[in-house]
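Okay, here's what each chain looks like letter by letter:
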Amino acid sequence: MVDVAPHQHRASMPFYRLRDAQIARTGYVVFRGDGGSVVYAVFPARDVHCDESALLALLAEVDAAYVDYPDGTELRIEARCEGELLPGSADGAVARSEGWVHPQLVRDGWHERIRQRIGLVTLDATTR
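The structure presented is a predicted model; accordingly, all values stated were derived computationally and were not measured.

Quick notes on the overall build of the protein
Along its length, the protein carries 4 helices and 5 strands. In the protein, the succession of α and β elements from N to C terminus is β-α-β-β-α-β-β-α-α. For the protein, the proportion of its 128 residues judged to be buried stands at 41%. Within the protein, contacts between residues separated by at least 24 positions form 65% of all contacts whose residues are at least 6 apart in sequence. Of the roughly 7,000 Å² of accessible surface on the protein, 51% is carried by carbon and sulfur atoms.

The following block contains the structure:
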């Protein structure tokens with residue numbers, strides 16, 4: 001596998017099913033909004049512990065809070081390299097093993113909500 005510097009990008013290979021991306025080391029889930037021009041979040045598919053319908057519902061919820069352009073959302077399941085900059089992301093969306101969330105969403109408290117909803121974080125008595 002060729003490493004891609006963070007300032008570069010390459011054409012992504014789509015996966016047709018979340019399960020296929022979860023098996024592959026390079027599978028990532030990408031939440032896009034505003035007609036695909038804004039990347040809301042990027043997570044390794046292997047860390048997603050919900051189904052595609054739950055991902056779509058979460059994406060719609062995030063988009064409604066910022067743009068409310070329901071036909072402009074896009075859930076992408078694709079191959080990416082660690083550290084790869086996603087094209088079309090003015091805010092520096094990067095495929096990282098720990099995930100990436102748009103800085104505005106982080107400021108507004110969405111980061112942990114997104115991680116919880118995809119099953120990456122489980123709330124217990126010590127984190128409530």
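Remarks on the side chain of glutamate 84
Along the chain, glutamate 84 falls in the loop between β4 (74-79) and β5 (100-101). Overall, the relative accessible area of 0% leaves glutamate 84 in the buried class. Among the polar contacts listed, one links the side chain of glutamate 84 to the side chain of arginine 80, at a separation of 2.7 Å.

What counts, and where the lines are drawn
Residues numbered from 1 in each chain as written. Predicted model: local features only at pLDDT ≥ 70, side-chain atom pairs only at ≥ 80, totals over all residues. Heavy atoms only, no water. Helix = DSSP H or I, 4+ residues; strand = E, 2+ residues; numbered from the N terminus. Buried < 20%, exposed > 50% of the residue type's maximum accessible area, 1.4 Å probe, protein only. Contact = heavy atoms within 4.5 Å. Areas by Shrake-Rupley, 256 points an atom, 1.4 Å probe, with all protein chains shown as cover. Polar contact = N/O pair within 3.5 Å; in protein donor to acceptor, adjacent residues only side chain to side chain.

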